[in-house]
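Secondary and tertiary structure notes
Below, each chain spelled out in residue letters.
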Amino acid sequence: MKKHHQVIVIGGGAAGLYATAGLARLGVDVAVVNADANMGGDCLHFGCVPSKTLLHMAQETTEWTEIQAKIRDVIAEIQVHDSVPRFEEIGTTVYIGKARFLDAHRIAVGEQELSAKKFIIATGSRPRVPSVAGLEDAMYETNETLFQMAKLPRKMVVIGAGPVGLELGQALQNIGVEITIFDHNTEFLKHFSRDIADIALQKLNLDIHLNSVLTEATRLNKDEISLKITESGVEKTLIVEKILFAAGQIANIDMLGLEQTGIAYDTKIDTNPYLQTTTPHIYAIGDVIKSPSLTHAGGAEARIALTNIAFGNFSKVNYSTLASVIYTKPEIYQLASTQKTNRILSASGANIDRFKTDNEPEALVKIGIDTKAKIVHAEAIGTDISTVMQQVALLKSTGAKLTDLSKPIYPYPTKSEILKNISDQLLTEKLEKPILQRLIRKIIKWRGLS
Ligand SMILES: Cc1cc2nc3c(=O)[nH]c(=O)nc-3n(C[C@H](O)[C@H](O)[C@H](O)COP(=O)(O)OP(=O)(O)OC[C@H]3O[C@@H](n4cnc5c(N)ncnc54)[C@H](O)[C@@H]3O)c2cc1C
Ligand SMILES: NC(=O)c1ccc[n+]([C@@H]2O[C@H](COP(=O)([O-])OP(=O)(O)OC[C@H]3O[C@@H](n4cnc5c(N)ncnc54)[C@H](O)[C@@H]3O)[C@@H](O)[C@H]2O)c1
């Protein structure tokens, strides 16, 4: 059977569904193709939603079956919004099956042949499992299998100290699993400044080993595997029950027939700022392209791609207000830096009363500004700090100055006062300039106060 649509979106994860719903709302004849009937992709089924539910539940109970039930409930509740019936209701056609390009205008989905004027590729990514001698399927979990584990392992090694390894590692440790994390990098959180990374290393309360590579796995019995790990050149053996791979993702571009389309790609698809691939009527968004692999990045990209498809290429993707958060305790926050930083100002929890009452003096916020005191970049570490820091992203999006953070009256005692503290540092500096001091003294004398 052959069918034609104005636009076909390939992949019904967060990014693809956002684009599909937006196009449908504009009255475009849009179809979405998803590999399986449970739409919603990684974020809903194996990523953000189960991991954040696990992090939350780990503070309330150590009962794995209770946690799993809650994860299933939360997914089911959100799934309604991403379901096939809802997408059909808003006027889109849904095809279930794996799409493969036949040429740049046609795809096959099972026996069906579909054509479209424009395409959006949003096929996402899947966990990367490094090749390790002796590794068999039953020895390890990834984020795709972890939440369905029949029972909690007693001891688990996590490979990868990125966001997945840290969030899942900390949550599992909180519910009683003995966790050891290994990462082949020599620097912890290498994209963060060293002071933030050092505080994280101290406060996450995780056993993290850098410069470490898992080289061999051997099954000893039903519940034990022996692992050979080379740490800083020294080989050691560890006996655990399970491995969790949190070693990054690989883009779902294989089996997609990209070679039939003229699209340029290597490990991910190349796109221009309008989010077109090198075959201009095919756009690509989400984890499958060379941008930060985050749900909200995919959402922002979907908005750009769908408006460019509907109205012409007027919008360029802009990540200047894109923040990423590692939702551990404490949270680790970073607001993308897109311009040159002239100066960095910082404040620590030791100077803010609410961090004192909450016994978190080590909390740290750093804000980078340009020569005109406009916000360029921010980093922070502290419990629930992401909510506080989103005010900085808002301010950056308006092009306002750092000192604008001193304008509102802050409720006392809140963690947000840390932003006012940083802003006040700059205001105080201005006030202490000799020329201003002379002027102030003159005014005070003239008013008869001295
Ligand atoms: C454990 C974990 C926690 C995370 N937590 C966060 C978080 O807190 N915040 C955050 O912003 N990000 C988080 N992420 C990242 C986030 O999950 C991804 O960035 C996001 O899911 C990517 O969305 P996507 O739509 O690009 O791809 P996906 O969600 O991977 O969706 C792709 C869809 O395409 C389908 N598909 C694939 N190939 C084909 C094909 N050939 N034909 C048809 N359909 C196909 C797949 O079945 C899937 O439904 C987390 C990731 C992990 C692993
Ligand atoms: N809170 C969030 O926003 C959130 C949470 C989880 C995941 N994510 C996103 O999902 C994606 C995947 O996250 P991730 O943490 O798996 O990937 P990542 O690439 O961010 O981190 C993977 C870590 O594993 C290490 N590693 C890779 N191969 C290794 C090996 N063979 N041996 C030892 N260490 C190895 C890397 O050095 C790195 O530190 C990322 O893009 C991330 O941003 C976001």
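Where an unreviewed UniProt entry is consulted, the chain appears under the name FAD/NAD(P)-binding domain-containing protein, with the organism given as Listeria weihenstephanensis. Recorded in UniProt under Sequence similarities (unreviewed entry), the annotation for the chain is "Belongs to the class-I pyridine nucleotide-disulfide oxidoreductase family."

Turning next to the packing of aromatic side chains. Following the criterion strictly, the structure yields two aromatic pairs and no others. Relative to Phe-245, the ring of Tyr-140 has its centre 5.3 Å away and its plane inclined at 70 degrees; by these criteria the two rings are edge-to-face. With Tyr-140 in strand 8 (residues 140-141) and Phe-245 in strand 15 (residues 242-245), the pair connects residues that are 105 residues apart, well separated along the chain. Just above the ring of Phe-87 sits the side chain of Arg-86; from NZ or CZ to the centre is 5.1 Å.

Attention now moves to the nonpolar core. Membership of the largest hydrophobic core comes to 49 residues, with the highest contact counts inside it found for Ile-8, Leu-23, Ile-107, Ile-120, Ile-121, Ile-269 and Ile-285. Apart from residues no more than four positions distant in its own chain, Ile-107 is found in contact with Ile-8, Ile-10, Val-33, Ala-99, Arg-100, Phe-101, Leu-102, Gln-112, Glu-113, Leu-114 and Phe-119. Within the second largest apolar cluster, 43 residues are counted, among which are Leu-44, Leu-146, Ile-181 and Leu-189.

Our focus in this paragraph is the state of the cysteines. Taken as a whole, this structure holds one disulfide when the rule is applied. The disulfide partner of Cys-43 is Cys-48, and the S-S distance across this bridge is 2.3 Å. The sign of the -130 degrees torsion about the S-S bond sets the Cys-43-Cys-48 disulfide as left-handed. We classify Cys-43 as buried; its relative accessible area is 16%. Using a relative accessible area of 28% as the deciding quantity, one classes Cys-48 as partly exposed.

Right, let's talk about the layout of surface pockets for a bit. Its boundaries defined by the atoms lining it, the second largest pocket holds a volume of some 330 Å³. Together, 22 residues line the second largest pocket, and Ala-14, Leu-17, Tyr-18, His-81 and Asp-82 are the ones closest to its centre. When contributions to the lining of the second largest pocket are tallied by element, the ones reaching two or more residues are helix 1 (14-25), helix 2 (41-45), helix 5 (84-89) and helix 8 (295-311).

Within the structure, ligand 1 sits among 36 residues, and Asn-34, Asp-42, Lys-52, Ala-99 and Asp-287 are positioned closest to it. The backbone of Asp-42 places a nitrogen or oxygen atom 2.8 Å from an oxygen atom of ligand 1. Between ligand 1 and Thr-295 there is a distance of 2.9 Å, counted from an oxygen atom to a backbone nitrogen or oxygen. Against a free-state accessible area of 1000 Å², the protein chains account for coverage of 90% of ligand 1. Of the residues assigned to the shell around ligand 1, the class counts are 14 nonpolar, 17 polar and five charged.

Together, Lys-372, Lys-374, Lys-401, Lys-430 and Lys-433 make up a positively charged patch on the protein surface. Overall, the relative accessible area of 33% leaves Lys-374 in the partly exposed class.

What follows covers the site of ligand 2. By nearness alone, 22 residues border ligand 2, and Arg-128, Val-164, Glu-167, Asp-183 and Val-325 come closest of all. The backbone of Gly-248 places a nitrogen or oxygen atom 3.1 Å from an oxygen atom of ligand 2. Between a nitrogen atom of ligand 2 and a main-chain N or O atom of Val-325, the distance comes to 2.5 Å. Relative to its unbound accessible area of 830 Å², ligand 2 is 76% covered by the protein chains. The biggest single contributor to the shell around ligand 2 is helix 6 (residues 163-174), with three residues. Its residues assigned to classes, the shell around ligand 2 comprises 10 nonpolar, eight polar and four charged.

Rules used in this analysis
- Residues numbered from 1 in each chain as written.
- Chains lettered and ligands numbered in written order.
- Predicted model: local features only at pLDDT ≥ 70, side-chain atom pairs only at ≥ 80, totals over all residues.
- Heavy atoms only, no water.
- UniProt positions renumbered as here; feature names shortened; annotations may be inferred.
- Phe/Tyr/Trp six-rings, centres within 6.5 Å; stacked < 30°, edge-to-face > 60°.
- Helix = DSSP H or I, 4+ residues; strand = E, 2+ residues; numbered from the N terminus.
- Lys NZ or Arg CZ within 6 Å of the ring centre and 35° of its normal.
- Core = buried A, V, L, I, M, F, W, Y, C linked by side-chain atoms within 4.5 Å.
- Buried < 20%, exposed > 50% of the residue type's maximum accessible area, 1.4 Å probe, protein only.
- Contact = heavy atoms within 4.5 Å.
- Disulfide = S-S within 2.5 Å.
- 1 Å grid on protein atoms, 1.4 Å probe; cavity = no way out; pocket = protein on both sides within 12 Å on 5 of 7 lines; lining within 4 Å.
- Points joined across faces, edges and corners; volume = space filled by probe spheres on them.
- Near = heavy atom within 4 Å.
- Polar contact = N/O pair within 3.5 Å; in protein donor to acceptor, adjacent residues only side chain to side chain.
- Areas by Shrake-Rupley, 256 points an atom, 1.4 Å probe, with all protein chains shown as cover.
- Nonpolar A, V, L, I, M, F, W, Y, C, P; charged D, E, K, R; others polar.
- Patch = residues over 30% accessible without salt bridge, like charges linked within 9 Å, V, L, I, M, F, W, Y side chains within 5 Å.
- Salt bridge = Lys/Arg side-chain N within 4 Å of Asp/Glu carboxyl O.
- Lys, Arg positive; Asp, Glu negative; His and termini not counted.
- Charge placed at Lys NZ, Arg CZ, Asp CG, Glu CD.

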